[in-house]
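Each chain is listed here by its residues.
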Amino acid sequence: MPEDALYEILLRLPAKDLCRLRSVCRPWRSLLSDPHFIAAHAARHPDQPPLVVVGYAARDRNGRVLCNIVDLSGRVVKRVHAAAAKWVMSTQGDLVCVTKGTGMRCCQLLDPATGAAHDLPDGLAEEHSDQYSSDCWGSTVFGLVPSTGEYKVFRMIEGRYDCHNTMKLYEVLTLNGSGSPDETRWRKAQAPPYGLELLCLDNGVVINSIVYFLLKPDECDDTRQGLFGSYDLEMEKWRPSIQGPLSCQYETWYDFKITSLGGNLVLCCRKPSSSMASPAMDIWFLSDFDKGLWTKQHSIKISVLHLPNLAPPLLVLTDSGDGSHNGNWAFLQNYKNPIDIFIDVLQMKDVEVGLYGGNLLSLANGTS
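Residues numbered from 1 in each chain as written. Predicted model: local features only at pLDDT ≥ 70, side-chain atom pairs only at ≥ 80, totals over all residues. Heavy atoms only, no water.

- The name recorded for the protein chain in an unreviewed UniProt entry is F-box domain-containing protein, from Digitaria exilis.

### Remarks on the overall build of the protein chain
Part 1: For the protein chain, the helix and strand inventory stands at five helices and 22 strands.
Part 2: Of all 368 residues assigned to the protein chain, the portion counted as buried reaches 43%.
Part 3: Taking as baseline every contact in the protein chain between residues at least 6 positions apart, the subset at least 24 positions apart corresponds to 51%.
Part 4: Counting only carbon and sulfur atoms, one obtains 51% of the accessible surface of the protein chain, whose full area is about 19,200 Å². (Helix = DSSP H or I, 4+ residues; strand = E, 2+ residues; numbered from the N terminus. Buried < 20%, exposed > 50% of the residue type's maximum accessible area, 1.4 Å probe, protein only. Contact = heavy atoms within 4.5 Å. Areas by Shrake-Rupley, 256 points an atom, 1.4 Å probe, with all protein chains shown as cover.)

### What about helix 1 (residues 3–11)?
Part 1: Of the residues making up helix 1, those classed as buried are L6, L10 and L11. Summarising the axial view, the buried residues of helix 1 lie within an arc of 130 degrees, below the 170-degree limit, and thus occupy one face.
Part 2: On its buried side, helix 1 packs onto helix 2 (15–21), helix 3 (26–32) and helix 4 (35–44). (Arc of directions from axis to C-beta.)

### Details of the sheet that holds strand 6 (residues 107–110)
Part 1: Read across the open sheet, the four strands follow the order 4-5-6-7; overall the sheet is antiparallel. Each edge of the sheet is formed by a strand with only one pairing partner; in this case those strands are strand 4 (87–92) and strand 7 (117–119). On average, each strand axis in the sheet is tilted by 25 degrees relative to the strand beside it, whichever way the strands run.
Part 2: Pairing between strand 4 and strand 5 (residues 95–99): five bridges, direction antiparallel. Bridge pairing in strand 5 places S90 opposite C97. (Pairing = 2+ DSSP bridges. Axes fitted to C-alpha atoms, helices over the stretch in contact; angles between N-to-C directions.)

### Section: the packing of helix 1 against helix 4
Part 1: With their axes 10 Å apart at the nearest point, helix 1 and helix 4 run at an angle of 50 degrees to one another. Taken together, helix 1 and helix 4 sit at an angle that is classed as oblique. You can see that helix 1 and helix 4 cross each other, and the crossing is right-handed. Together, Y7, E8, L10 and L11 of helix 1 and H36, F37, A40, H41 and R44 of helix 4 make up the contact between the two elements.
Part 2: For the contact of helix 1 with helix 4, a count of residues per class yields five nonpolar, two polar and two charged. (Parallel < 35°, antiparallel > 145°, perpendicular 65-115°, else oblique. Left-handed = near helix turned anticlockwise from the far one by under 90°. Nonpolar A, V, L, I, M, F, W, Y, C, P; charged D, E, K, R; others polar.)

### Regarding the side chain of H128
Part 1: Secondary-structure assignment places H128 in the loop between strand 7 and strand 8 (136–145).
Part 2: Overall, the relative accessible area of 4% leaves H128 in the buried class.
Part 3: When neighbours within four sequence positions are excluded, H128 is seen to be in contact with L169, Y170, E171 and K188.

Put into structure tokens, the structure is as follows:
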């Protein structure tokens, strides 16, 4: 068969099938692993099924597995081992943020396709050098700026300045397209114009280079400052806060979770009237940022083990089957077989799950 005809035929096949066809012969493996072919295939198939990163606390008991990348059928496409004690903090695009501890040191951006790990600079921004604290923690989020093709990392830090005072710092860092730092130091970012409490490390969502944060409602006035804060990574400035849905009722701040579904900002809210026997969660989509308009598109049953902290949905599948929902959907063994959640929940508490935006063909077979 002519090579150009073979090229066009293979270009039309799904990526999952092409991964298996690499074992046909060496010429096919060379073609199907070529970066130019992979780029052409990605352009031809923009709506490929998503991949999922399942990250763990890398310990000896699980073979020091840092994360698995799996397809929606549960097949492990890539298994990544940790070189040191780490765990997954977040995912964005084709990169994964990992850390060795809960503090602000030893963070890395990992490329699962190549295995390259880029260390984020240690220490604080030069403007914050006089506020150094060894006892600090915070939240680190990163996203791609489409206009420049660069990644930017934003972090919020809380720590004890001395025995009487605490500090809240905000810093930003620019990276190039490969995920390696262009700068040797962090730089100071402006403080938000509203109250921002770091009650959890995963309260930041990045959508189109905008970082959204869930704000803690003021106990005296929970409507004045809004429910969400937002930071523009491209302009490096804060945007106005956003009010939550007017008809959304809640009992505690922990009844909320924010996430991204299909490029939309989504608020997950546990229904106050839900009993512990059959809790439920409403899923609101932000339809208009400027007007603060929300639309409730789903209401699903959730597991009692999602309480008091909610587990937000990861994606919406187009094939909804019979329309029913499994209340224990978040707790799976080998990603397909239900297990006794009350026995295995202690083994699942250190799991971080996120979408992987890389190409299936760019992931080498085996372990890295």
